[in-house]
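Chain by chain, the residues:
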Amino acid sequence: MRILLVEDDELLGDGLRTGLIQYGYTVDWLKDGGSADQALKTDKFDVIVLDIGLPKLSGIHVINHLRSRGETTPVIILTARESVEDRVKGLDAGADDYLIKPFDLDELCARLRALQRRSATRADPTIIHGGIVLDPAAHTVKLEGEFVNVSRREFALLFKLLENAGRVLSREHLSQSLYGWGDDVDSNALEVHIHNLRKKFGQEFIHTIRGIGYMIDKSKEIK
Ligand code: CA
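Bear in mind the structure is a predicted one, so any value in this text is a computation, not a measurement.

Each value, and the rule that gives it
- Residues numbered from 1 in each chain as written.
- Predicted model: local features only at pLDDT ≥ 70, side-chain atom pairs only at ≥ 80, totals over all residues.
- Heavy atoms only, no water.
- Helix = DSSP H or I, 4+ residues; strand = E, 2+ residues; numbered from the N terminus.
- Rg over C-alpha atoms; globule rule 2.2 N^0.38 Å.
- Buried < 20%, exposed > 50% of the residue type's maximum accessible area, 1.4 Å probe, protein only.
- Contact = heavy atoms within 4.5 Å.
- Areas by Shrake-Rupley, 256 points an atom, 1.4 Å probe, with all protein chains shown as cover.
- Lys, Arg positive; Asp, Glu negative; His and termini not counted.
- Charge placed at Lys NZ, Arg CZ, Asp CG, Glu CD.
- Salt bridge = Lys/Arg side-chain N within 4 Å of Asp/Glu carboxyl O.
- Donors = N, O, S within 2.8 Å, 3.2 Å for Na, K, Ca; no water.
- Expected span 1.5 Å × (residues − 1).
- Polar contact = N/O pair within 3.5 Å; in protein donor to acceptor, adjacent residues only side chain to side chain.
- 1 Å grid on protein atoms, 1.4 Å probe; cavity = no way out; pocket = protein on both sides within 12 Å on 5 of 7 lines; lining within 4 Å.
- Points joined across faces, edges and corners; volume = space filled by probe spheres on them.
- Nonpolar A, V, L, I, M, F, W, Y, C, P; charged D, E, K, R; others polar.
- Domains from an automatic or database assignment.
- Buried area = accessible area lost by both parts, 1.4 Å probe.

## Observations regarding the overall build of the protein
Inference 1: The number of helices and strands found in the protein is eight helices and 12 strands.
Inference 2: On C-alpha atoms alone, the protein measures out to a radius of gyration of 18 Å, which is about the 17 Å that the 2.2 N^0.38 rule sets for 223 residues.
Inference 3: Counting all 223 residues of the protein, 47% fall into the buried class.
Inference 4: Counted over contacts in the protein with a minimum sequence separation of 6, partners at least 24 positions apart contribute 58%.
Inference 5: In the structure as shown, the protein presents an accessible area of about 11300 Å², 50% of it carried by carbon and sulfur atoms.
Inference 6: Charge separation in the protein, taken as the distance between the mean sites of 30 positive and 35 negative side-chain charges, equals 4 Å.

Have a look at this one:
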């Protein structure tokens, strides 16, 4: 899952970036509202973690612009304890959730999972698909009750495909959600991860849609 983090406080931003990467997220960090506004016009993110008090363009304006383009990407705003007004404005502008500084990284991650669940219209915290159980909080995957070892990227890719089961995801969409700007990406990196997932979960598990991308069938069990 790729996060756009927008925070002008160096220390907090750096801590958040490092922490979120350790939690398995792909993180791109920007330090002002103007560049965030630009990035959101060209790149796809799964969630935006947005400070309100930002140089160049406030977080409120960033949300306003995003929503006026019809983008539904979930946004979680970060505000100071005393600024009730910012929280109200932010939520009214189209933010989905907020956190008051200082906050705990564990709480941020739990809220990120909740947002992702809601945007995928999923109530269950785990994803069950045939014999596969993926647990976003524990960061584990089981196949027929047995834990399967997957890398950070494989986990993210599997998560994305399972959440969108029944829909074809383009290679570009998948790569964007897997890699941030600074990441060194081999041109066939995505194929390698798909290959590894097929080895672990079965050759027929992920379909290649030629010229477009990849897809997992909708689960025939449950739901
Ligand atoms: Ca700030």
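Now that the structure has been shown, the text picks up again.
## Focus: the pattern of salt bridges
Inference 1: Summed over all chains, the structure comprises 17 salt bridges.
Inference 2: Two residues, Arg 153 and Asp 183, come together in a salt bridge whose shortest N-O distance is 3.6 Å. Residue Arg 153 is located in helix H6 (residues 152-163), and its partner Asp 183 is located in the loop between helix H7 (171-178) and helix H8 (189-201); the two are separated by 30 residues in the primary sequence.

## Re the coordination of the calcium ion
Inference 1: In the first shell of the calcium ion, the protein supplies Asp 8 (OD), Asp 51 (OD) and Gly 53 (O), at 2.2 to 2.3 Å from the metal.
Inference 2: Mapped onto the sequence, the residues coordinating the calcium ion show the spacing D-x42-D-x1-G.
Inference 3: Given a relative accessible area of 5%, Asp 51 falls into the buried group.

## Some words on helix H5 (residues 105-119)
Inference 1: Its 15 residues give H5 an end-to-end C-alpha distance of 21 Å, which sits within 8% of 21 Å, the value for a rise of 1.5 Å per residue.
Inference 2: Taken as a whole, H5 has its buried residues at Leu 108, Cys 109, Leu 112, Arg 113, Ala 114, Leu 115 and Gln 116.
Inference 3: Along its buried surface, H5 packs onto strand E1 (2-6), helix H1 (10-22), strand E3 (47-51), strand E4 (75-80), strand E5 (97-101) and H6.
Inference 4: The backbone nitrogen of Asp 106 has a side-chain oxygen 2.9 Å away, supplied by the residue at the start of H5, namely Asp 104.

## Re the layout of surface pockets
Rolled over the atoms, a probe with the dimensions of a water molecule shows which regions are left empty.
Inference 1: In this structure, the largest pocket encloses a volume near 840 Å³.
Inference 2: Elements represented by at least two residues in the lining of the largest pocket include exactly H5, strand E6 (127-129), H6 and H7.
Inference 3: Partitioned by chemical class, the residues of the lining of the largest pocket number nine nonpolar, 12 polar and 10 charged.

## Observations concerning unusual backbone geometry
Inference 1: Geometrically, the link from Lys 101 to Pro 102 is a cis peptide bond, its omega value of -5 degrees lying close to zero.
Inference 2: By secondary structure assignment, the location of Pro 102 is in the loop between E5 and H5.
Inference 3: The phi dihedral of Thr 121 is positive, around 45 degrees, even though this residue is not glycine.
Inference 4: On the basis of relative accessible area, Thr 121 is assigned to the exposed category, the value being 75%.
Inference 5: Of note, Glu 144 is a non-glycine position whose phi angle comes to about 50 degrees, a positive value.
Inference 6: For Glu 144, the location among the structural elements is in the loop between strand E8 (140-143) and strand E9 (146-147).
Inference 7: Residue classification places Glu 144 among the exposed positions, given a relative accessible area of 62%.

## A look at the domain arrangement of the protein
Frequently, the measure chosen for interface size is the accessible area removed from exposure when the parts meet.
Inference 1: Along its sequence, the protein is carved into domain 1 (2-119) and domain 2 (127-216).
Inference 2: One C-alpha centre belongs to domain 1, the other to domain 2; they are set 25 Å apart.
Inference 3: In this complex, domain 1 contributes 17 residues to the contact, which on the side of domain 2 involves 15 residues.
Inference 4: Between domain 1 and domain 2 the total buried area reaches about 1200 Å² when both faces are included, carbon and sulfur atoms providing 45% of it.
Inference 5: Counting the surface domain 1 buries against domain 2, the share from its top three residues, Arg 2, Thr 26 and Gln 116, is 36%.
Inference 6: Viewed at the interface, domain 2 and domain 1 are joined by one salt bridge.

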